[in-house]
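# Breakdown of the fold
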Amino acid sequence: MDTDAWGSDTADTGTAGAAVSESWLTEADYEAPPEVDLRIDRAHSARVYDYLLGGKTNFPADREVGDRVLAELPGVRADAAAARAVMHRMVRRLAEVHGVRQFLDVGTGIPTTPNLHEIVQAVDPACRVVYVDNDPIVLAHSRALLTSTPEGRTAYVQGDLREPERFLADPGVAATLDLREPVALTLVNIVHFLSDEVAHPPVRKLLDALPAGSFLALTAATADLAPERAEVADRRYAEAGISLHFRSRERFERFFAGLELDEPGVVLVDRWHPEPAEAAAAGEGKVGLYGGVGRKE
Ligand SMILES: C[S@@+](CC[C@H](N)C(=O)[O-])C[C@H]1O[C@@H](n2cnc3c(N)ncnc32)[C@H](O)[C@@H]1O
């Protein structure tokens, strides 16, 4: 791997960080509150994903997993970019076409420009966004998520998808979102870290807490497209203690039970409203992630 190339491309990928330099970051670069334990000795999904996206908010344990996956599946870097890009398209369409002005983003990840609020506030500066993640490193970088327009508002809440009641009760949620008005719940590239048994109840609870006219925007990994590639990723992540849960289309679609699916339904993410500029390469169904957006009636 060419670390110089990785080191110099941070500005291009736009990964926001407390400190961006030509060298890898160390624990000392973070302004985490003292009670925050970054646990840099073990890989974490947010930081492996950041590494695959070309960011620098990651540590040796994260890069080791990333390098092992990349050695066998060089296309994973493009897949990570596609996984991030569909979030942009989903939230832009939610704001532009469906008129959504409030977003609850669980599993936000390490800030990477543009962040969700930057996309939707470009549509309407009054948009409001609550970000939730359980990785302390995201908390340590959360300043980059709090750059709201004056007309809108953003908040960062340290929380776990498995405990929705806890983070919904955070004062940052009530100060930012009006839960009597529609909210888009965005779960982008997170539920594949959880089994069906663990993921469904909190997703249902969150949707129950939102009024009619709210949306679920969801993406998650599938082995349907390339089982052998999924198996490699599964093995390499598992070696680092990160469980992946690949879902068939049918299992993925279960999250949308009772919701009305937006066009074009559940598809591989590069087929979900590809940008015209991307259309030549995109839309080919090459990315092993399903995506969909559903509306609560
Ligand atoms: C692959 S990243 C996706 C980031 C972002 N949503 C995107 O698609 O660009 C997955 C994120 O989910 C977070 N995450 C994983 N399990 C979680 C949980 N149970 N509760 C909250 N966040 C979680 C990780 O810390 C990580 O930041």
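Look above for the structure.
Model, not experiment: these values are computed from the prediction.

### A word on the site of the ligand
By nearness alone, 19 residues border the ligand, and Arg84, Gly107, Asp133, Val188 and Asn189 come closest of all. Within the backbone of Gly109, an N or O atom sits 3.3 Å from an oxygen atom of the ligand. Here a nitrogen atom of the ligand and a side-chain polar atom of Asp160 are 2.9 Å apart. When isolated, the ligand has an accessible area of 600 Å², and the protein chains bury 96% of it. Counting residues per element, the shell around the ligand draws most heavily on helix H3 (residues 45-52), which supplies three residues. For the shell around the ligand, the per-class residue count stands at six nonpolar, eight polar and five charged.

### Remarks on the environment of Leu53
For Leu53, the location among the structural elements is in the loop between H3 and helix H4 (60-72). Using a relative accessible area of 14% as the deciding quantity, one classes Leu53 as buried. Sequence separation between Leu53 and Ala81 is 28 residues; the distance between their C-alpha atoms is 6.1 Å.

### What to know about the nonpolar core
With 52 residues, the main nonpolar core has Leu94, Phe103, Leu116, Val120 and Tyr237 as its most contacted residues. Excluding its chain neighbours within four sequence positions, the residues that come into contact with Val120 are Val91, Ala95, Phe103, Cys127 and Val129. If you look at the next biggest cluster of nonpolar residues, it comprises 31 residues, including Leu104, Val157, Val191 and Val266.

What counts and what doesn't
- Residues numbered from 1 in each chain as written.
- Predicted model: local features only at pLDDT ≥ 70, side-chain atom pairs only at ≥ 80, totals over all residues.
- Heavy atoms only, no water.
- Near = heavy atom within 4 Å.
- Polar contact = N/O pair within 3.5 Å; in protein donor to acceptor, adjacent residues only side chain to side chain.
- Areas by Shrake-Rupley, 256 points an atom, 1.4 Å probe, with all protein chains shown as cover.
- Helix = DSSP H or I, 4+ residues; strand = E, 2+ residues; numbered from the N terminus.
- Nonpolar A, V, L, I, M, F, W, Y, C, P; charged D, E, K, R; others polar.
- Buried < 20%, exposed > 50% of the residue type's maximum accessible area, 1.4 Å probe, protein only.
- Core = buried A, V, L, I, M, F, W, Y, C linked by side-chain atoms within 4.5 Å.
- Contact = heavy atoms within 4.5 Å.

The values reported here are purely geometric and, on their own, carry no functional implication.
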